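Survey of secondary and tertiary structure
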Amino acid sequence: MSAGPRRRLLLLLLLPVWGSAAAHNGDLTVRPTCKPGFSEQDYTAFISQNIMEGQKLLKVKFNNCAGNKGVRYETNSLDFKVRADGTLYAAHHLQVPSKQLILVVTAWDPQTLGRWEAMVRFLVADKSQHNGHKPKGRKALPGELVQQQSDTLLPWRQHQSANGLRRQKRDWVIPPINVPENSRGPFPQQLVRIRSDKDKEIHIRYSITGVGADQPPMEVFNIDPVSGRMYVTRPMDREERASYHLRAHAVDMNGNKVENPIDLYIYVIDMNDNRPEFINQVYNGSVDEGSKPGTYVMTVTANDADDATTANGMVRYRIVTQTPQSPSQNMFTINSETGDIVTVAAGLDREKVQQYIVIVQATDMEGNLNYGLSNTATAIITVTDVNDNPPEFTTSTYSGEVPENRVEVVVANLTVLDRDQPHSPNWNAVYRIISGDPSGHFTIRTDPVTNEGMVTVVKAVDYEMNRAFMLTVMVSNQAPLASGIQMSFQSTAGVTISVTDVNEAPYFPTNHKLIRLEEGVPTGTVLTTFSAVDPDRFMQQAVRYSKLSDPANWLNINATNGQITTAAVLDRESDYIKNNVYEATFLAADNGIPPASGTGTLQIYLIDINDNAPELLPKEAQICEKPNLNVINITAADADIDPNVGPFVFELPSVPSAVRKNWTISRLNGDYAQLSLRIMYLEAGVYDVPIIVTDSGNPPLYNTSVIKVKVCPCDENGDCTTIGAVAAAGLGTGAIIAILICIIILLTMVLLFVVWMKRREKERHTKQLLIDPEDDVRDNILKYDEEGGGEEDQDYDLSQLQQPETMDHVLNKTPGVRRVDERPIGAEPQYPIRPVIPHPGDIGDFINEGLRAADNDPTAPPYDSLLVFDYEGSGSTAGSVSSLNSSSSGDQDYDYLNDWGPRFKKLADMYGGGEED
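Residues numbered from 1 in each chain as written. Predicted model: local features only at pLDDT ≥ 70, side-chain atom pairs only at ≥ 80, totals over all residues. Heavy atoms only, no water.

**Looking at the overall build of the protein**
Helix and strand content of the protein: 8 helices and 55 strands. In the protein, buried positions account for 36% of the 917 residues. Put simply, 66% of the contacts in the protein that link residues at least 6 apart link residues at least 24 apart. On the protein, roughly 53,800 Å² of surface is accessible, and the fraction owed to carbon and sulfur atoms is 53%. (Helix = DSSP H or I, 4+ residues; strand = E, 2+ residues; numbered from the N terminus. Buried < 20%, exposed > 50% of the residue type's maximum accessible area, 1.4 Å probe, protein only. Contact = heavy atoms within 4.5 Å. Areas by Shrake-Rupley, 256 points an atom, 1.4 Å probe, with all protein chains shown as cover.)

**Side note on a nonpolar patch on the surface**
On the surface, Leu 746, Val 750, Phe 753, Val 754, Trp 756 and Met 757 cluster together into a nonpolar patch covering about 590 Å² of accessible area. Relative accessible area serves as the criterion here: at 53%, Leu 746 is assigned to the exposed category. (Patch = residues over 30% accessible without salt bridge, like charges linked within 9 Å, V, L, I, M, F, W, Y side chains within 5 Å. Salt bridge = Lys/Arg side-chain N within 4 Å of Asp/Glu carboxyl O.)

**Quick notes on the pattern of salt bridges**
Following the criterion strictly, the structure yields 17 salt bridges and no others. One salt bridge in this structure joins Arg 121 and Asp 42, with 3.4 Å as the shortest N-O distance. With Arg 121 in strand β12 (residues 114-124) and Asp 42 in strand β3 (residues 42-47), this residue pair connects regions lying 79 residues apart in the sequence. Exposure remark for Asp 42: the relative accessible area of 25% places this residue in the partly exposed category. Salt-bridge contacts for Glu 573 lead to Arg 572; the nearest nitrogen and oxygen are separated by 3.0 Å. Salt bridges here are not isolated pairs; linked through shared partners, they connect Arg 238, Glu 239 and Asp 270.

**Description of the packing of aromatic side chains**
To describe a pair of aromatic rings, one takes the distance between the centres and the angle between the planes. As enumerated under the stated definition, the model contains 18 aromatic pairs in all. Considering the side-chain rings of Trp 554 and Tyr 582, the 4.7 Å spacing of their centres and the 35 degrees angle between planes classify their relative orientation as tilted. With Trp 554 in the loop between β43 (543-549) and β44 (555-557) and Tyr 582 in strand β46 (residues 581-590), this residue pair connects regions lying 28 residues apart in the sequence. No difference in accessibility class separates Trp 554 from Tyr 582, as the two residues are buried. Over the ring of Tyr 89 we find Arg 83, and its NZ or CZ is 4.0 Å from the ring centre. Over the aromatic face of Tyr 244 sits the side chain of Arg 241, whose NZ or CZ is 5.3 Å from the ring centroid. (Phe/Tyr/Trp six-rings, centres within 6.5 Å; stacked < 30°, edge-to-face > 60°. Lys NZ or Arg CZ within 6 Å of the ring centre and 35° of its normal.)

**Focus: unusual backbone geometry**
The amide bond that connects Phe 187 to the next residue, Pro 188, takes the cis arrangement and shows omega of 0 degrees. Structurally, Pro 188 is set in the loop between β16 (177-180) and β17 (189-196). Along the chain, Thr 323 connects to Pro 324 via a cis peptide bond; the corresponding omega equals -5 degrees. Take Pro 324: it is sitting in the loop between β27 (316-323) and β28 (332-334). A positive phi angle, close to 60 degrees, is found at Asn 68, a residue other than glycine. Its location among the elements puts Asn 68 in the loop between β6 (62-63) and β7 (72-75). Its relative accessible area of 27% is what places Asn 68 among the partly exposed residues.

**Comments concerning a positive patch on the surface**
Together, Lys 56, Lys 59, Lys 61 and Arg 83 give the surface a local cluster of positive charge. Within the secondary structure, Lys 61 sits in the loop between β5 (56-59) and β6. (Lys, Arg positive; Asp, Glu negative; His and termini not counted. Charge placed at Lys NZ, Arg CZ, Asp CG, Glu CD.)

**Focus: the sheet that holds strand β38 (residues 453-457)**
The 3 strands lie next to each other as β34-β38-β37, forming an open sheet whose pairing is antiparallel. Both edges of this open sheet fall to β34 (410-414) and β37 (442-446), since each of them pairs with a single strand only. Each adjacent strand pair in this sheet contributes to an overall mean axis angle of 25 degrees, direction not counted. Alignment of β34 against β38, held across 4 bridges, turns out to be antiparallel. The partner of Leu 414 across the bridge, within β38, is Gly 453. (Pairing = 2+ DSSP bridges. Axes fitted to C-alpha atoms, helices over the stretch in contact; angles between N-to-C directions.)

**Re the environment of Arg 241**
Structurally, Arg 241 is set in the loop between β20 (229-232) and β21 (243-251). Classification of Arg 241 as partly exposed rests on a relative accessible area of 33%. On a C-alpha basis, the gap between Arg 241 and Gly 212 in space is 9.9 Å, while along the polypeptide they are 29 residues apart. Leave out the neighbours within four places in its chain, and Arg 241 touches Val 211 and Val 268.

**A short note on the environment of Tyr 687**
Along the chain, Tyr 687 falls in strand β54 (residues 685-694). Tyr 687 sits 22 residues away from Val 709 along the chain, and the two C-alpha atoms are 5.2 Å apart. Residues contacting Tyr 687, with those up to four places away along its chain left out, are Trp 663, Leu 682, Ile 707, Lys 708, Val 709 and Val 711. Looking at Tyr 687, its side chain comes within polar contact range of the main-chain oxygen of Glu 683, at 2.6 Å. (Polar contact = N/O pair within 3.5 Å; in protein donor to acceptor, adjacent residues only side chain to side chain.)

**Here's the deal with the sheet that holds β12**
Taken together, the 4 strands give an open sheet; going across it, the order is β3-β12-β11-β7, and neighbouring strands pair in mixed fashion. Two strands lie at the open edges of the sheet, namely β3 and β7, each paired on one side alone. With direction set aside, neighbouring strand axes in the sheet form an average angle of 25 degrees. Strand direction decides the pairing type here: β7 and strand β11 (residues 100-109), joined by 4 bridges, are antiparallel. Within β11, the position partnered with Arg 72 by the bridge is Trp 108.

**Describing the side chain of Asp 638**
As for its position among the elements, Asp 638 is in the loop between β50 (632-637) and β51 (649-651). One buried charged residue, Asp 638, remains without a salt bridge, the closest side chain of opposite sign being Arg 572 at 7.3 Å. Reaching out from Asp 638, the side chain makes a polar contact with the backbone nitrogen of Asp 640 at a distance of 3.0 Å. If we ignore the near neighbours within four places in the chain, the residues touching Asp 638 are Asn 612, Ala 613, Pro 614, Asn 644, Val 645, Phe 648 and Asp 695.

**As for helix α7 (residues 843-855)**
Taking 1.5 Å of rise per residue, the 13 residues of α7 would be expected to cover 18 Å, and the 19 Å separating its terminal C-alpha atoms lies within 8% of that figure. Every buried residue belonging to α7 is among Ile 843, Gly 844, Phe 846, Gly 850 and Ala 854, and all of these are buried. Along α7, the residues classed as buried sweep out an arc of 160 degrees about the axis, all on the same side. (Expected span 1.5 Å × (residues − 1). Arc of directions from axis to C-beta.)

Remember, this is a structural readout, not a statement about activity or role.
Written out as structure tokens, the structure reads:
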């Protein structure tokens, strides 16, 4: 050491008691097996800043448990390479720009395709440190970082030059501090001591920062600020956090930095404190029955929270039990590392064992049952069905019976037995008829529930053609049989079907039957014989014929032989003819038990003859009184058809002679002609012009038709004027004027009647009633139906409304029908208590009392509302209005009306039987 004062920051690594325990913990299990991998996962070495090409820097150790034959190394940096013996060297000359360089070395085994990685950390040191303390290219071991005498690290080495004027500082990297998890204490426990050599001159305060110190989780680690001793305050859990990165600081009493912060890496050493946990407690898998050994079934997976790079987290699997143990107790095996379950024995048969329950155990410590922790899960293995059982008929022959001419009838049920999975394609039966039904009368449908085959008639059978059928049927499955499985001879059976005879209806061999003849044949003409055939050849039966439909009643049919004759003349122009065809329907019935009948349709095509004369069209026309202005186009209509229609011949008759004198016909074509005036002027009027129309039939027919022609004066355009049209209709000028005057008079009368009705209505409203003013009480009537009346409505004369002095005659009335103007006598519980009867005095007091009671009634409506003074609803003593009658039998006493004053005298005279005038 030089004579000058030198300051150092000393890091004293204390080896706690658990460090030895952790070291021995790895030796608890001595394994004869080899584990491939690097000797260490993290290598550290000091290098100079200037590196020459080919310079050896570090040697890594790797073992693939096979002599490292063929192992190849590579790095993630192009600046460094690794030789086959693990030596790491520089690929070329380079200058390291930073104080630390990290790279990853990968070992690759081409035989197993395995890859392993290790981290290499290079720390750049100056020359003095290289020469005095650390060999170049070697791994920095923790023991080399500790001085032999004082066990103190020099993370910051200060160097003074020869002239004493220049100092250089170099940082050392503190090796990681390992702390075992789940330590039992006591706490706090010292981990390391940090001390700076400047504490001889000044007072130093130490502190740590980072996660676990001043960052969550807080205060896992703390440090004595005076002595620099760092402690752990509680048990560690690697599964919660595997490492901590802290920074140590040294400051003076004023808070000024004395030394640069140093990094502290604390690694939590894993302990085997977690059992393997299966992802699922129950796993479901399946395997086909009859599978060969080695068939994959399923995979179970368990995870261990411990370090997977150590034996604590290495899980191994094994099968504990298998239920049932049939046909062998070891039907399955499991890959101890991957958890794949495969078959190991043959003999899986779903028809014998449909499901296996396998208990799988997962153990860490690489499956060591003595030291490892274990857990179990259940694997349910379902043996899936394959079509290894062909369907078989329960009997070799089946029989059935079917009536002839019936379809969709099930004649036989075929039962089969199949031991495969019900209602699966391996079990569902498919039936086929392989012989005995060349015409396709039958088919076999499968019942989806019972799997039975239903022999069904799809095409009617005829007893006269086939009295029985012998079918050969075969059954198979929807799915093909498994490889190596053959069809059973019991998969074929015979079906005998007997056909029973029934009475069949006669039928017409030709239906519809069409015949052709001319219309107009005379009555009684034989047209044809429309006979039916009875298909029951083995029954002696007679067939009778009758008409079922004959719209025009033109035909007759012989009941025994079916001969058709005419009952009337057939007319092609009749409305019963459609497209020249007349259609009739006949019935043929046998005398079987029960009787059967069939229908046949006869169609008669009628050939047209010339039996209809043509008709002139139009029937009416209009023409000007002067020629050469317009003409009338005429044609003809004939009910016959070609060739008994046009071309038509139009001509005027010779009698009367005036026709040919006044009119002329010009031919346009075969169907049209023109009628026009022959003379220069013809007086306006209506003229009947006869025209003879002849068709082209053989022989031809003609008809004399009359066309009404209106001759009228025309304007310059050749159109009839209005007056002219009227004149042509036969009315003179005087008649036209008379009609117009009548229309005007009629309108005037209607107007006067309307005015009179309006005036009468007005007078009716203004006319005074013929009543003596003394007896007229209308001027004293006040309207009480107004809502929201004001104070002016309260000023009325109550002297006109007087009550009789006594009401005894009312109170003493016998029960019965009461008048609607009488208030019900007696209490009304559904309303507040009000005066039961009016006061014998002035009726105004009665109204005031009712008003006062309404004002004090909390259930009464507001002031501006309708007040109910009498109620004749439910519970009222008044009878229903419907019970009143108009009888004047005198059972009512109205004498008290005489006491109500002169205003009620008229009413008393009408009802009270007063003195007559």
